[in-house]
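Notes for the structure review
Here are the chains, one letter per residue:
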Amino acid sequence: MTVKFTNKAATTLSAGINNSVTSIGVADGSVFPTLGTGDITFVTFDDGTNVEVCKVTAISGNTLTVVRAQDNTTARAFASGDKAELRITAALMNEIISDAEETATALSLVMS
């Protein structure tokens, strides 16, 4: 698994969502990184009061497939027009560190 990220990835929800949907429409899915098989990224939904971090496992056009309530957040309902942004979060940084550690371990095994 590889965690992907990009600069200034920000859009809005194209429709309201409840706290259990896992396919979420956004106004512009092209702002997020391209995900291959096994790749992930993290998107934060923000209504100005509530914030939820979701792990994105697939992006198809303007539809994100997500795992809700990541990084010690709670799955919530959000309205059309609420923010959907790729932000630096602890979950994102922890995945990057984990990927780096796995790569370093694999390299040390190859070089042994």
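Residues numbered from 1 in each chain as written. Predicted model: local features only at pLDDT ≥ 70, side-chain atom pairs only at ≥ 80, totals over all residues. Heavy atoms only, no water.

**Describing the pattern of salt bridges**
If charged atoms from side chains of opposite charge come close, those side chains can pair. By the definition in use, this model includes four salt bridges. Here D46 and R87 are joined by a salt bridge, their closest N and O atoms 2.9 Å apart. Residue D46 is located in strand β3 (residues 41–46), and its partner R87 is located in the loop between β6 (83–85) and α1 (90–111); the two are separated by 41 residues in the primary sequence. Its relative accessible area of 25% is what places R87 among the partly exposed residues. Note that R87 is salt-bridged to E85, the shortest N-O span being 2.8 Å. Using a relative accessible area of 18% as the deciding quantity, one classes E85 as buried. Linked through salt bridges whose partners overlap, the residues forming this network are D46, E85 and R87. (Salt bridge = Lys/Arg side-chain N within 4 Å of Asp/Glu carboxyl O. Helix = DSSP H or I, 4+ residues; strand = E, 2+ residues; numbered from the N terminus. Buried < 20%, exposed > 50% of the residue type's maximum accessible area, 1.4 Å probe, protein only.)

**Describing the packing of aromatic side chains**
In the structure shown here, the tally under the stated rule is one aromatic pair. Where F45 meets F78, the ring centres are 5.9 Å apart and the plane angle is 55 degrees; that geometry is what we call tilted. Separated by 33 residues along the polypeptide, F45 in strand β3 and F78 in the loop between β5 (63–70) and β6 bring together distant segments of the chain. No difference in accessibility class separates F45 from F78, as the two residues are buried. (Phe/Tyr/Trp six-rings, centres within 6.5 Å; stacked < 30°, edge-to-face > 60°.)

**Concerning the nonpolar core**
Counting 16 residues, the largest nonpolar core has L13, F32, V43, F45 and L64 as its most contacted members. Counting only elements with at least two residues in this core, the list comes to β3, β4 (51–60) and β5. Counting residues in hydrophobic clusters, the runner-up holds six residues, among them V3, I40, F42 and V53. (Core = buried A, V, L, I, M, F, W, Y, C linked by side-chain atoms within 4.5 Å.)

These values are about where atoms sit, not about what they do.
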